[in-house]
Structure formats: C-alpha cells, structure tokens
Amino acid sequence: MPDTPAATQRARVRVPLRFHDGYSVDAELVTFHGLVDGQEHVAVVLGEPAPGSVPLVRLHSECLTGDAFGSARCDCGPQLREAVERIAATGGALLYLRQEGRGIGLYNKLDAYALQDQGLDTYEANAALGLPEDDRDYTSAAQMLRALGITSLDLLSNNPDKAEQLRDLGIDVHDRVPTGVFTTPHNVRYLRAKVLQTQHTLPLASLTGLSAV
C-alpha cells in the first residue's frame with residue numbers, strides 16, 4: 001500500500017437533490033483539503049448504513065455531456081441517477097470525481113468522439129490522439145474515503161480496475177456490485193468496447209440487439 005498523505009474534510013453542507021424524473025433525496029456534500037491531485041472532487045453522502053453492514057460506494061467520474069446534458073453516447077447520466085437512489089436506500093457515498101473522459105479532459109473527449117464517428121471505438125480513439133485509454137487514478141478517492149471514515153465498502157461499479165486500485169490503496173472492497181445496463185442505439189458500441197477491452201461486467205448478449213447510430 002502506498003504511503004499516501006491523509007486528506008481532511010473541508011466543509012460539509014446539506015443539499016436537496018432533485019432529478020428530472022421526479023426522484024428526490026437529501027444529501028450531504030463534502031469537500032476536502034489535501035487531495036494529492038489538487039482537484040475539486042466532492043463526496044455525496046446518502047442514507048445511513050444498517051448496523052454491521054458496509055456502506056455502498058460509487059466512484060463516479062464527471063461526465064458533462066452525460067450527467068448534465070443527457071447525452072445518449074454514454075451511460076454516465078443513467079448510472080449517476082441509479083447510483084444516488086441505490087446508495088440512499090442502503091447508506092453510503094458517491095464520490096464525484098473530476099475525471100472527465102476517463103481522465104483526458106472534456107476537449108480531448110470530444111475530439112475522441114469525432115474519431116469514433118469515423119469508426120474507431122472509444123479506446124482506439126484515445127490511442128489515435130496519443131492519449132491513454134484510461135488515465136484515471138483513484139488515490140484521491142481513497143483519501144476521501146478515509147476522511148469520511150470509510151475503509152471497508154461494497155463498490156457499485158462494472159469496472160474491475162476501480163476495485164483493484166482501491167484494494168492496492170488499502171481500502172477493503174468487500175464486494176463489487178454491478179450497475180444496471182443502460183443501452184441506447186448511440187452507446188451500444190461504447191458499452192461493447194468496455195466489455196471487450198477492459199472487462200467491464202456488462203452482459204455482452206444484451207449489447208448485440210441494437211444497431212449503432
């Protein structure tokens with residue numbers, strides 16, 4: 001386990017969350033001092049775990065196009081909406097991480113979209129731009145979890161790399177819980193690439209019935 005400096009909670013504020021489909025829940029948003037990457041990540045604390053249970057946690061990478069604008073080219077917006085409700089029901093936290101485009105940034109992500117329109121998949125497009133397939137590091141996430149008092153958790157994610165990195169950082173990932181499958185004609189190639197290239201736990205058979213647009 002790397003020797004990572006401790007982060008501390010900076011501020012904690014209650015915020016009522018309201019979603020377009022009518023779902024609403026009260027959350028606490030937590031900011032931090034001392035995160036190693038210097039980014040303004042935020043924890044969304046929801047619900048209260050039952051005695052003796054571990055909290056449900058999602059590491060959600062920021063996606064302006066999906067989270068804010070409802071883009072159908074990815075599944076980020078539906079995953080965010082689902083995660084908030086599932087975590088609120090069992091107790092835990094969603095870490096909203098400023099890692100747009102798997103860490104390459106918004107402008108580079110949109111450049112990659114243009115290449116995907118020419119036939120490349122999401123990982124090939126990054127490579128064609130001279131960028132990593134996935135440039136995310138979860139050291140700050142581990143710092144945030146410890147600052148929240150969370151060292152053991154169930155991880156809401158289809159991505160095995162998130163669990164592996166957290167374990168390497170000394171966080172006990174008790175179980176990895178898959179998210180739902182949110183397919184559209186616009187994102188099916190993207191989801192298939194995540195299964196085939198980075199072993200995301202999505203049912204491949206369900207990603208063959210839609211034609212990419």
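**Observations concerning the pattern of salt bridges**
Thinking step 1. Applying the stated criterion across every chain yields a total of 8 salt bridges.
Thinking step 2. Across the salt bridge formed by Glu28 and Arg12, the nearest N and O atoms sit 3.0 Å from each other. Of this pair, Glu28 sits in strand E2 (residues 24–33) while Arg12 sits in strand E1 (residues 8–18); the two residues are 16 residues apart in sequence, bridging distant segments of the chain.
Thinking step 3. Note on Glu28: relative accessible area 22%, which makes it partly exposed.
Thinking step 4. Since its relative accessible area comes to 40%, Arg12 is described here as partly exposed.
Thinking step 5. Here Arg98 and Glu62 are joined by a salt bridge, their closest N and O atoms 3.1 Å apart. With Arg98 in the loop between strand E5 (92–97) and helix H3 (106–116) and Glu62 in the loop between strand E4 (56–61) and helix H1 (64–68), the pair connects residues that are 36 residues apart, well separated along the chain.

**Considering the packing of aromatic side chains**
Thinking step 1. The full count for this structure, using the stated rule, is 1 aromatic pair.
Thinking step 2. Their ring planes at 40° and their centres at 6.1 Å tell us that Phe19 and Tyr23 sit as a pair that is tilted.
Thinking step 3. Over the aromatic face of Tyr113 sits the side chain of Arg73, whose NZ or CZ is 4.2 Å from the ring centroid.
Thinking step 4. Stacked on the ring of Phe19, the Lys or Arg Arg81 has its end atom at 5.5 Å from the ring centre.

**Examining the pairing of E1**
Remember that side chains alternate between the two faces of the sheet whenever the strand is regular.
Thinking step 1. As judged from the 10 bridges shared by E1 and E2, these two strands associate in the antiparallel manner. Looking at the pairing, Arg12 lines up with Val30 of E2.
Thinking step 2. Taken together, E1 and the strand that follows it, E2, pair antiparallel across an intervening segment of 5 residues, in which Gly22 is found at a positive phi of about 100°.

Criteria and thresholds
- Residues numbered from 1 in each chain as written.
- Predicted model: local features only at pLDDT ≥ 70, side-chain atom pairs only at ≥ 80, totals over all residues.
- Heavy atoms only, no water.
- Salt bridge = Lys/Arg side-chain N within 4 Å of Asp/Glu carboxyl O.
- Helix = DSSP H or I, 4+ residues; strand = E, 2+ residues; numbered from the N terminus.
- Buried < 20%, exposed > 50% of the residue type's maximum accessible area, 1.4 Å probe, protein only.
- Phe/Tyr/Trp six-rings, centres within 6.5 Å; stacked < 30°, edge-to-face > 60°.
- Lys NZ or Arg CZ within 6 Å of the ring centre and 35° of its normal.
- Pairing = 2+ DSSP bridges.

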